Amino acid sequence: MDRRPRRHLLSIQDLSDTDLRHLVARSADYAAGRVRPADQLRGLVTAVYFRRTSTRTRTAFSSGALRLGSHLISYGPGDLQLNTGETVEDTTRVLSGMVDLFVARTADPVAELRAFAEQDRMGVINAMSAEEHPTQALADLSTMTQRFGRVDGLRVLYVGEGNNTAAALALALSRFTETRLYLRTPPGYGLDLDLLTAAQVAAGRTGSTVAEAHHMTDLPEVDVVYATRWQTTGTAKPDPDWRRVFAPFQVDGAVLAASPQAVFMHDLPAHRGEEVTAGVLDGPRSIAFEQAQHKMFSAQAALEWCAG
Ligand code: CP
């Protein structure tokens, strides 16, 4: 067995600037065919453990691992003895003796994934936790790199809930030089304040800005307009009146018209007629489905990097 130490990818905040840029560039290289799958993970075993629904991320990591020559084990929400009370620590001791890379979506606090990562025999990848969706951000920046040839200097308008996709995007974009991120989040549904502050601190270092507002007036001209589903992972909101609060935060033709050169991105899945109109999502300026394919390229970059 190849037992070299593995790395973990749990949060954009854990990555050095060099590693973040490498992961985005490597993903874009896979997307452009400059790097081809050639058994980079040959002989390794990748396990994907998804406790929450997923179309893109689970398939991206599964397909990405297989294309790089890895063997694959797939666990659904009911499969591991974690359900019957076995501890994360015991689960990790067992799995890390048999598995090289472990990709997990929990939608619970990232602390659990950090417990899985208390060893270096099995690389642990956060495929979405409550706070952050780091590999979504890698796919997003990879898509931007392919479209614009760079991330530095890009201006992005993000419309929707300050969810784990928004947090990862803010933490990643702010690490590049002179980027502008305008977050327009419904009142009461903004970014977690600690994560917003962390992104703003990073932005201060790179000459970038991260600004959040809770209205849809005075929209800036940008290069990318980004929307996200109103109900992240389909989760219900406790406020029975939430749709009224979200209603102004729809990306329609008028929002796109404020940025005549902008492309439209969406982390998907989408609900046409809610966060985005069909005309925008299916229109000529939408690159949302290219973006979805970048999830596989960024998964390949992440798997390879964690494998060491
Ligand atoms: N964007 C995203 O994470 O999609 P899935 O929930 O389908 O994986």
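What you see is a predicted model, and the numbers here were worked out from it, not measured in a lab.

With that settled, the discussion passes to the site of the ligand. Taken together, the neighbourhood of the ligand is formed by S54, T55, R56, T57, R105, H133, Q136, D267, L268 and K295. Taken by itself the ligand offers 250 Å² of open surface, and the protein chains cover 92% of this. Both domains that meet at the shell around the ligand, namely domain 1 (12-132 + 294-307) and domain 2 (135-292), each give it at least three residues.

When the parts of a complex come together, some accessible area is lost, and that lost area is often used as the size of the interface. With domains assigned, the protein chain is organised as domain 1 (12-132 + 294-307) and domain 2 (135-292). Distance from the C-alpha centre of domain 1 to the C-alpha centre of domain 2: 24 Å. Facing 28 residues of domain 1, the contacting portion of domain 2 comprises 30 residues. Roughly 2500 Å² is buried in total at the junction of domain 1 and domain 2, and carbon and sulfur atoms are behind 57% of that figure. Counting the surface domain 1 buries against domain 2, the share from its top three residues, R21, R56 and H294, is 27%. For D17, the salt bridge goes to R205, with nearest N and O atoms at 2.9 Å. The tally of links between domain 1 and domain 2 comes to 18 residue pairs in polar contact (both at pLDDT 80 or more). Those elements that provide at least two residues to the side of domain 1 that touches domain 2 are α1 (17-32), α2 (56-67), β4 (123-126) and α11 (288-307). In terms of residue class, the side of domain 1 that touches domain 2 is built from 14 nonpolar, eight polar and six charged.

Below, the discussion takes up the sheet that holds strand β2 (residues 71-75). With parallel pairing, four strands are arranged side by side in an open sheet as β2-β1-β3-β4. Lying at the two open borders of the sheet, with one neighbouring strand each, are β2 and β4. On average, each strand axis in the sheet is tilted by 20 degrees relative to the strand beside it, whichever way the strands run. Bridge analysis of strand β1 (residues 45-50) against strand β3 (residues 101-105) gives five bridges, and the strand direction is parallel. From the neighbouring strand, Y49 faces β3, where its bridge partner is A104. Packing against the sheet, α11 makes contact with β1, β3 and β4, and its axis sits at approximately 135 degrees to β3.

Criteria and cut-off values
- Residues numbered from 1 in each chain as written.
- Predicted model: local features only at pLDDT ≥ 70, side-chain atom pairs only at ≥ 80, totals over all residues.
- Heavy atoms only, no water.
- Near = heavy atom within 4 Å.
- Areas by Shrake-Rupley, 256 points an atom, 1.4 Å probe, with all protein chains shown as cover.
- Domains from an automatic or database assignment.
- Contact = heavy atoms within 4.5 Å.
- Buried area = accessible area lost by both parts, 1.4 Å probe.
- Salt bridge = Lys/Arg side-chain N within 4 Å of Asp/Glu carboxyl O.
- Polar contact = N/O pair within 3.5 Å; in protein donor to acceptor, adjacent residues only side chain to side chain.
- Helix = DSSP H or I, 4+ residues; strand = E, 2+ residues; numbered from the N terminus.
- Nonpolar A, V, L, I, M, F, W, Y, C, P; charged D, E, K, R; others polar.
- Pairing = 2+ DSSP bridges.
- Axes fitted to C-alpha atoms, helices over the stretch in contact; angles between N-to-C directions.

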